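# Report on the structure
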Amino acid sequence: MAASVQQITLRVNRQEHHLTVRSDASLLAVLRNDLALNGAKYGCGLGECGACTVLIDGVAARACVIPASGIVGRSVTTLEGLGTLEAPGLVQQAFIEKQGAQCGYCLNGMIVTLQALLNRNPHPSEAEIRRELKHNLCRCGAHIEILEAARCAVEMHQ
Ligand code: FES
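Keep in mind that this is a model prediction, so the values were computed, not measured. Along each chain, numbering runs from 1 in the same order as the chain's sequence is written. Where local features are concerned, this predicted model is filtered to residues with pLDDT of at least 70; where side-chain atom pairs are given and counted, the filter is 80 or more; whole-chain, interface and lining totals use all residues. As a rule here, side-chain values cover all heavy atoms of the structure and leave hydrogens and water aside.

### Re the sheet that holds strand β5 (residues 75–77)
Using the following cut-off: Pairs of strands are assigned from DSSP output, requiring at least two bridges between the strands. Numbering of helices and strands starts at the N terminus; helices are DSSP runs of H or I of at least 4 residues and strands are runs of E of at least 2. Lines fitted to C-alpha atoms define the axes, with helix axes restricted to the stretch in contact, and inter-axis angles between N-to-C directions lie between 0 and 180 degrees. Residue contacts are counted whenever heavy atoms from the two residues lie within 4.5 Å of one another.
Taking strand neighbours across the sheet as the criterion, the five strands line up as β2-β1-β5-β3-β4 in an open arrangement whose pairing is mixed. The open sheet has two edge strands with one neighbour each: β2 (15–22) and β4 (59–62). Along the sheet, successive strands turn relative to each other by an average axial angle of 45°, direction set aside. As paired elements, strand β1 (residues 5–12) and β5 share two bridges and run parallel to each other. Each bridged residue has a counterpart across the sheet, and for Arg-11 the counterpart in β5 is Ser-75. Against the sheet, helix α1 (residues 27–34) contacts β1, β2, β3 (53–56) and β5, and its axis sits at roughly 110° relative to β2.

### Here we look at the state of the cysteines
A covalent bond bridging the sulfur atoms of two cysteines is what the word disulfide describes. Cut-off, in case you're wondering: Throughout, disulfides are identified as pairs of cysteine sulfur atoms within 2.5 Å of each other.
Scanning the entire structure with this criterion turns up zero disulfides. The thiol sulfur of Cys-140 is not disulfide-bonded, and the nearest other cysteine sulfur, from Cys-103, lies at 3.7 Å.

### Brief notes about unusual backbone geometry
Threshold: Exposure is judged per residue with a 1.4 Å probe applied to protein chains only, and the accessible area is read against the type maximum: over 50% gives exposed, under 20% gives buried, and values in between give partly exposed.
Backbone geometry at Arg-14 places phi at a positive 70°, although glycine is not the residue there. Assignment of secondary structure puts Arg-14 in the loop between β1 and β2. Residue class for Arg-14 comes out exposed when judged on its relative accessible area of 58%. One non-glycine residue, Gln-99, adopts positive backbone phi at about 50°. The class of Gln-99 is exposed, set by a relative accessible area of 56%.

### With respect to α1
Among the residues making up α1, those that are buried are Leu-27, Leu-28, Val-30 and Leu-31. Of the surrounding secondary structure, the elements contacted by the buried residues of α1 are β1, β2, β3 and β5. The positive-phi residue at the C-terminal boundary of α1 is Ala-36, with phi of around 55°.

### Quick word on the nonpolar core
Operational definition: By nonpolar core we mean a set of buried residues, namely Ala, Val, Leu, Ile, Met, Phe, Trp, Tyr and Cys, connected to one another through side-chain atoms within 4.5 Å.
In this structure, Val-91, Phe-95, Met-110, Leu-114, Ile-129 and Ile-146 are the most contacted members of the largest nonpolar core, which totals 25 residues. Contributions of two or more residues to this core are made by α2 (90–97), α3 (107–120), α4 (126–133) and α5 (143–157). Every residue in contact with Val-91, bar those within four places of it in the chain, is listed here: Ile-111, Leu-114, Gln-115, Leu-118 and Ala-153. Counting residues in hydrophobic clusters, the runner-up holds 23 residues, among them Val-21, Ala-40, Val-54 and Cys-64.

### Structural notes on α4
Condition: To obtain the arc, one takes the directions from the helix axis to the C-beta atoms.
Within α4 the residues assigned to the buried category are Ile-129, Glu-132 and Leu-133. Angularly, the buried residues of α4 cover 85° about the axis, an arc narrow enough to put them on a single face. Along its buried surface, α4 packs onto α3 and α5.

### Looking at the environment of His-135
Structurally, His-135 can be placed in the loop between α4 and α5. For the pair His-135 and Glu-48, spaced 87 residues apart in the sequence, the C-alpha separation amounts to 7.4 Å. Not counting the four nearest positions on each side in its chain, His-135 is found in contact with Glu-48, Cys-49, Gly-50 and Arg-62.

As C-alpha cells, this is what we get:
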C-alpha cells in the first residue's frame, strides 16, 4: 500500500518549517531532502552507526529511525544549528583544531553526540566521553584524533 502524505510543522535549528511529507518519511530523509540540511548522514539506516545523529530537545537521537511526523512540537538541532563556517560551535572548533576525522563521514555523529553529553554534563570524565561515543562507528580508525578532539572540546567548555 502506498504511503499517504501529511502536512507537518517541524522546528529545526530554531526555525519553523511547514512541510508536506510522506507519513513514513524518516526525520533524516526530511532534513536532507526537504530542508537541504546535509550534516546528518545516511550510514546504516538502522539506528546502529550514529552517522545520522541530531539533537531532539537537546538529547542525541538517530534521525534515520525516527519518523518526522513523530516529533512535531519538539525542537530539532542539526550539525548546522551548532555553528557556521565563519563561527563554528565549541565542539566543532575542537574537531577542527585537532583534525578529529579522516574521511569525515562519522563526524556529524561524533560532534552532535558529544554536544548532547556536554548539554547534560558540562564536565564529563574520560570514561564518560568514551562511553558516550562508543556507539558511533568510525571505519577509518580515527579514534585517537576523535578522542583528542573530544577532550579539547571538554576543556574549552570548562
Ligand atoms: Fe542512522 Fe546509522 S544512519 S544510525
